[in-house]
Amino acid sequence: MRIKVRSNFRELARGQEHRGLSSDGEFYVLGVDEENYRLINRNGEPILYPKDLFEVLDASIPSGWHFHDYEDGEYHLQPARTAEPGFYEDWHGSDGDRVAQAAARRTLREELERLADESGKEDQVLIHEALSRMAWISEPRPRPTDLQE
């Protein structure tokens, strides 16, 4: 799935800054919910952004994605390997678990590489751009105390 930032996204953002986006930037989508798209932003981070900031260039859903809907109308659509609750919290290191953070970062890179292998040329370009933006973010090294647990 490919999307493009709308040229008037700053106006549509209603005062929110939305760092990591630029006018008319194209992105490969890593996940969808009822209100947002998840993408690797210009800072190399997998962040949720409101759908109304984008136009859809290609709505194709890749193989291996997991759809989960909830009784209240919410839903999540994303690669199965990133669909586990807490995956992105681990990626960001929200609870300080550096081993889980390193594993989540490896998993996301591997998933993007898999998607690139299975995608058409236009998607491949965007996926490789996302991987290169992520490259500066190093995997955290576990502390000796992390390994003893």
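Every value quoted in this text rests on a predicted model; they were computed, and no experiment measured them.

## Remarks on the side chain of Arg133
Mapped onto the elements of the fold, Arg133 is located in helix α4 (residues 121-134). For Arg133, which is buried and forms no salt bridge, the nearest opposite charge comes from Glu129, at a distance of 4.1 Å.

## Brief notes about the packing of aromatic side chains
A complete count under the given rule lists four aromatic pairs for this structure. An aromatic cluster of three or more residues is present, and its members are Tyr37, Tyr49 and Phe54. A cation over a ring is seen here: Lys51 above Tyr37, with NZ or CZ 5.7 Å from the ring centre.

## A few points about the nonpolar core
Inside soluble globular proteins, nonpolar side chains tend to come together where they are buried. Counting residues in hydrophobic clusters, the biggest one holds 31 residues, and the most contacted among them are Leu21, Phe54, Leu108 and Leu112. Every element with two or more residues in this core is listed here: β1 (2-5), β2 (26-33), β3 (36-40), α2 (87-92), α3 (98-118) and α4.

## Overview of the pattern of salt bridges
For the structure on display, the rule yields six salt bridges. Here Glu118 and Arg114 are joined by a salt bridge, their closest N and O atoms 2.6 Å apart. A residue pair is termed a helical-turn pair when its members lie 3 or 4 positions apart in one helix, as Glu118 and Arg114 do in helix α3 at four residues. According to the relative accessible area criterion, Glu118 is partly exposed, its value standing at 47%. When salt bridges with common partners are traced through the structure, they connect Arg2, Asp58, Glu122 and Asp123 into a single cluster.

The rules behind the values
- Residues numbered from 1 in each chain as written.
- Predicted model: local features only at pLDDT ≥ 70, side-chain atom pairs only at ≥ 80, totals over all residues.
- Heavy atoms only, no water.
- Helix = DSSP H or I, 4+ residues; strand = E, 2+ residues; numbered from the N terminus.
- Buried < 20%, exposed > 50% of the residue type's maximum accessible area, 1.4 Å probe, protein only.
- Lys, Arg positive; Asp, Glu negative; His and termini not counted.
- Salt bridge = Lys/Arg side-chain N within 4 Å of Asp/Glu carboxyl O.
- Phe/Tyr/Trp six-rings, centres within 6.5 Å; stacked < 30°, edge-to-face > 60°.
- Lys NZ or Arg CZ within 6 Å of the ring centre and 35° of its normal.
- Core = buried A, V, L, I, M, F, W, Y, C linked by side-chain atoms within 4.5 Å.

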